[in-house]
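# Fold and geometry: a report
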Amino acid sequence: MILEIAILQLKPDQTSQFEANFKQAEPLIMCQTGYITHELQRCLAPEQTSQYILLVRWESVAAHEEGFRQSPEYPQWRALLHHFYDPFPTVQHYTLV
């Protein structure tokens, strides 16, 4: 199992619409082969309320990068979410030690 971590910095005043769109996008990732679980958390610091962290557990890096990112669902995920980010997030993969 691997953990995908993406720190999402949103454009100002976009949090409500982002959260609504994320709810629409969740089924697109949840149906993927190799998907295990995910969570989206919002930063509590008053000066960082437009920052989120997305944690997704996958069976492998390939399930994320080759499976999901090349799936028929990914363009819809991208259309729902990617326009909110500024700057575009860096995604890292981690493994349990």
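Below: a short report on this structure. (Residues numbered from 1 in each chain as written. Predicted model: local features only at pLDDT ≥ 70, side-chain atom pairs only at ≥ 80, totals over all residues. Heavy atoms only, no water.)

## Observations regarding the packing of helix α1 (residues 15-30) against helix α3 (residues 74-81)
Where α1 contacts α3, the two axes come as close as 9 Å, and the packing angle between them is 170°. Comparing their axes, α3 and α1 come out roughly antiparallel. Residues F18, N21, F22, Q24, A25, L28 and I29 of α1 form the contact with α3, whose own contacting residues are Q76, W77, L80 and L81. Residues that form the contact of α1 with α3 fall into these classes: eight nonpolar, three polar and no charged. (Axes fitted to C-alpha atoms, helices over the stretch in contact; angles between N-to-C directions. Helix = DSSP H or I, 4+ residues; strand = E, 2+ residues; numbered from the N terminus. Parallel < 35°, antiparallel > 145°, perpendicular 65-115°, else oblique. Contact = heavy atoms within 4.5 Å. Nonpolar A, V, L, I, M, F, W, Y, C, P; charged D, E, K, R; others polar.)

## Brief notes about the packing of aromatic side chains
Scanning the entire structure with this criterion turns up ten aromatic pairs. Ring centres of F22 and W77 lie 5.9 Å apart, and the angle between their planes is 65°; this geometry places the pair in the edge-to-face category. Taken together, the residues span a long stretch of sequence, with F22 in helix α1 and W77 in helix α3 at a distance of 55 residues. Here the two residues F22 and W77 agree in accessibility, since each one is buried. With a centroid separation of 5.8 Å and an interplanar angle of 70°, the aromatic rings of Y85 and F88 are classed as edge-to-face. Since its relative accessible area comes to 51%, F88 is described here as exposed. Through a chain of ring-to-ring contacts, three or more aromatic side chains come together here, namely F18, F22, Y35, Y52, W58, F68, Y74, W77, F84, Y85 and F88. (Phe/Tyr/Trp six-rings, centres within 6.5 Å; stacked < 30°, edge-to-face > 60°. Buried < 20%, exposed > 50% of the residue type's maximum accessible area, 1.4 Å probe, protein only.)

## Some points on the pattern of salt bridges
Taken as a whole, this structure holds one salt bridge when the rule is applied. For E19, the salt bridge identified is with R42, shortest N-O distance 3.6 Å. Taken as a pair, E19 in helix α1 and R42 in strand β2 (residues 35-42) lie far apart in primary sequence, 23 residues in all. (Salt bridge = Lys/Arg side-chain N within 4 Å of Asp/Glu carboxyl O.)

## Structural notes on the pairing of strand β3 (residues 51-58)
Where strand β1 (residues 2-9) meets β3, eight bridges bridge the pair, whose relative direction is antiparallel. Paired with L3 across the two strands is R57, which belongs to β3. Where β2 lies against β3, seven bridges are found, and the strand directions are antiparallel. Its bridge partner lying in β3, L40 is registered against L54. (Pairing = 2+ DSSP bridges.)

## Quick notes on the environment of S16
Along the polypeptide, S16 turns up in helix α1. Considering only alpha carbons, one finds S16 and I2, 14 residues apart in sequence, at a separation of 29 Å.

## What to know about the nonpolar core
Core analysis: the largest hydrophobic core is formed by 22 residues, its most contacted members being F18, W58, W77 and L81. Counting only elements with at least two residues in this core, the list comes to β1, α1, β3, α2 (61-68) and α3. Top contributing element to this core by residue count: α1, with five residues. Residue contacts for W58: discarding those within four places in its chain leaves M1, I2, E4, I29, Q32, T33, G34, Y35, I36, A63, H64 and F68. (Core = buried A, V, L, I, M, F, W, Y, C linked by side-chain atoms within 4.5 Å.)

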